[in-house]
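Residue-level listing of the chains:
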Amino acid sequence: MSTVATKSGWVRRFAASILVFAGIGVAVSPAMAQFSTPSGAIGGLVSEIRIEGGQRIAPETVRAYLTIQPGEAADAEQLDKSLKALFGTGLFADVAIRQEGATLVVRVVENPIINRIAFEGNRKIKDENLVQELSLKPRTVFTRAKAQADVKRLQDIYRRTGRFAATIEPKTIQLPQNRVDLVFEIDEGQVTGVERINFVGNRIYSDGTLREQIQTRESRWYRFLSSDDVYDPDRLSYDRELLRKYYLANGYADFRVVSAVAELSPDREGFYVTFTLEEGERYRFGDIEVSSQLRDLKQEDLEAHLKVAKGRWYNADLVDGSVTALTDFAGSAGYAFAEVRPRVKRDRAAKTVSIVFEVQEGPRVYVERINIVGNVRTVDKVIRRELALVEGDAFNTSKMRTSRRRIQNLQFFDRVEVTNVPGESPDRTVVNVEVNEKSTGELSFGIGFSSADGPLFDASIRERNLLGRGQDLRLGGTISGRRNQLDIGFTSPYFLDRNMAAGFDAFHIKRDFQREAGYDYLTTGLVLRNNYALSEYLRQQVRYTLKNDDVTSVSQYASDVVKDAQGSVLQSGFGHTTTYDRRDDLVDPTDGYAIKLSNDVAGAGGDAKFLRSAFSAQYFYPVSSEVTLSLLGEVANIFAYSDDRVRLQHRLQLGGDNFRGFRTQGIGPRDRSTGNALGGNTYYVGTTELAFPLGLPRELGMRGTLFSDFGALYSYDRPEAGRPGANASIDDSSSVRVSVGTGLNWRSPFGPVRIAFAKAVVKQEFDRTELFRFSFGSRF
């Protein structure tokens, strides 16, 4: 710290402080404190106390802190106590006491008043965030002790952002009337990353495998959009728990993290993190039993809900899953207060863990009140409708966990905590829901390229929590070489206060099919939809569609069939989609299956009259923790009724993204003379795909694929006799087509990147094939 105070003043204050803390007391310097009588001894009665040097502080205030009053004798002990009391107020930078005969003279130098506080050099953290951490404020008394304490607080802020090399120096600028400006000069330094992560004591799993299990990452150039490679002590504690869960899930019941140490390199540019582990032996499940004290619950029914089995490797996650499953089953059977306690017996000689799941009636506790805090913008109703508990319900810890998961899945909050505390009586509990809101508005722009559409630009604005009511509103647009699109969508997840997601989509899309079929396709429409759950895994959507499909800009060299379809067709109809989904993840599934049935009927007014049906199934099997096998299949058909035919605008298409190795609309009926794709009425398609890691860090999001697509598109409604295209020569075949290939999927920081190399090994001579397909999108 630097000030404009004189050097001699600093020496006096430093000396006074040393004497105070040493307990010596009153003799600051021979010139400043002399307590002497004519004989040279310290003491004598004090008849008057005179205060000197005060500016803002009244003499009466100074006298109030003295332990000596007029009429009392001055001795070293009392003067020492008075000196300490005055320094302890924090009001004075210097205090000197001397005795002039019977007069005790107290000379004070007041601490200055802070005029303003400023920061210099801070670019990463704003002033308003820094000033909140300061104990010193404008118009308060400045002390060096408080300034140094504030420096430590500011350094803590920078350390929480990974800047351990940051230095902060407080400086004062003297002003008239004993005021100062306080300036914190900050050198933020570089982010202190994690140079190396080491593991000691691991025999079973390699360092590389364990690094994938923790959240902290080593500093690398490709992690510039992530903060996981910045040292964070709190994250290190979380990493210890992640390691423990990983080992316990793989049978190592004795595992423990002995220590997790982070050492700052000598140049202060990075940390070396070392985890010391004790893996222990690997255990299998021993005897598994269920002991129930609840009547009406059959033993075999309880055992059917167990996730563990004798002889398998011990897995703590499966034990927790069994407790949850048994609790839920007992609750559904009417035992709302059931408690499941696993009693574990470890046999180190046999390396087994035997478990008895004790199911018993717990204390009867009811929900007295539910408190929700932290929701500044989101209305309480949005949170309460996700709760599996309401006031008056029997309290159930499983339902409390379910409530937390549901609220978290809203994606409105950074943090969700659901806890319970005792209520006003022993059989009552209060559930507290604490949330921390995050931004739910999105403004995005994107650039990209794809083999199908060429270069593209995308922009959208979205609010996922409109007016705090949990409603979703989106407006987006796309411009590309072969596709232009404008759309708006709105969804109310609890329409009419029921568990129904109702909304609408309006769109205007123009597609360029000149290369494939010699025309442009323009569609404008509106979809009203309602989505609701039939059970935990079964959902249904019903919808009404009104749109106008227009075949325009038909090439003079196009097929007569295409020319016959030129013009617009109004479609008005209803549809539904029923989905049964047991996948473990909706975005990147690795296990489970999903089945979907869809039907659309057009003819509720308009020009088109058809029934379109589709059935699809997906199955995902984890070959290993890193390798996933997926099987996908779909069949679809569209046919016209009421003496109508399926128009070109509504026919099915196959090829490109939904059948690799073939161009967009590369499979299906085709005019022999012009080569134009005409679409078909029926298709079947299947995919077998193996996704595997490439040996790169998992957070890069890169996975390789080996795949094979197979299927066909066929069947075609000719125009009526006498219309153009009625006598056209059409190539059409229901024979299976097959392609094989390999690809790369990358969840890049700039958007998804998909590359596929595919070879059509079984095809028809009129099909259109391609070897390479690339798509790239960016949103920022």
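This report concerns the structure included in the present document. (Residues numbered from 1 in each chain as written. Predicted model: local features only at pLDDT ≥ 70, side-chain atom pairs only at ≥ 80, totals over all residues. Heavy atoms only, no water.)

## Re unusual backbone geometry
Here is step 1 of the chain: Phi at Asn178 is positive, roughly 55 degrees, even though this residue is not glycine.
Here is step 2 of the chain: For Lys351, which is not a glycine, the phi torsion comes out positive at approximately 55 degrees.

## Remarks on the sheet that holds strand 3 (residues 103–110)
Here is step 1 of the chain: The three strands are arranged 1-3-2 in an open sheet whose pairing can be described as mixed. Lying at the two open borders of the sheet, with one neighbouring strand each, are strand 1 (48–52) and strand 2 (92–100). This sheet shows a mean twist of 20 degrees between the axes of neighbouring strands, independent of strand direction.
Here is step 2 of the chain: Here strand 1 pairs with strand 3 via five bridges, running parallel. (Pairing = 2+ DSSP bridges. Helix = DSSP H or I, 4+ residues; strand = E, 2+ residues; numbered from the N terminus. Axes fitted to C-alpha atoms, helices over the stretch in contact; angles between N-to-C directions.)

## Overview of a nonpolar patch on the surface
Here is step 1 of the chain: A cluster of nonpolar side chains, Leu443, Phe445, Ile447, Phe457, Ile461, Leu473, Leu475, Ile479, Leu486 and Ile488, forms an exposed patch at the surface whose accessible area comes to about 890 Å².
Here is step 2 of the chain: Elements represented by at least two residues in the nonpolar patch include exactly strand 16 (441–450), strand 17 (454–466), strand 18 (471–480) and strand 19 (483–492).
Here is step 3 of the chain: You can see Leu473 is positioned in strand 18. (Patch = residues over 30% accessible without salt bridge, like charges linked within 9 Å, V, L, I, M, F, W, Y side chains within 5 Å. Areas by Shrake-Rupley, 256 points an atom, 1.4 Å probe, with all protein chains shown as cover. Salt bridge = Lys/Arg side-chain N within 4 Å of Asp/Glu carboxyl O.)

## Some words on the pattern of salt bridges
Here is step 1 of the chain: Going through the model one piece at a time under the given rule, you end up with 47 salt bridges.
Here is step 2 of the chain: A salt bridge links Arg369 to Glu368; its shortest N-O distance comes to 3.2 Å.
Here is step 3 of the chain: The partly exposed category is assigned to Glu368, whose relative accessible area is 22%.
Here is step 4 of the chain: Between Asp505 and Arg529 there is a salt bridge, with the nearest N and O atoms lying 2.6 Å from each other. Of this pair, Asp505 sits in strand 20 (residues 500–513) while Arg529 is found in strand 21 (residues 519–533), placing the two residues 24 residues apart along the sequence.
Here is step 5 of the chain: When its relative accessible area of 27% is taken as the criterion, Asp505 is described as partly exposed.
Here is step 6 of the chain: A relative accessible area of 16% means that Arg529 is categorised as buried. (Buried < 20%, exposed > 50% of the residue type's maximum accessible area, 1.4 Å probe, protein only.)

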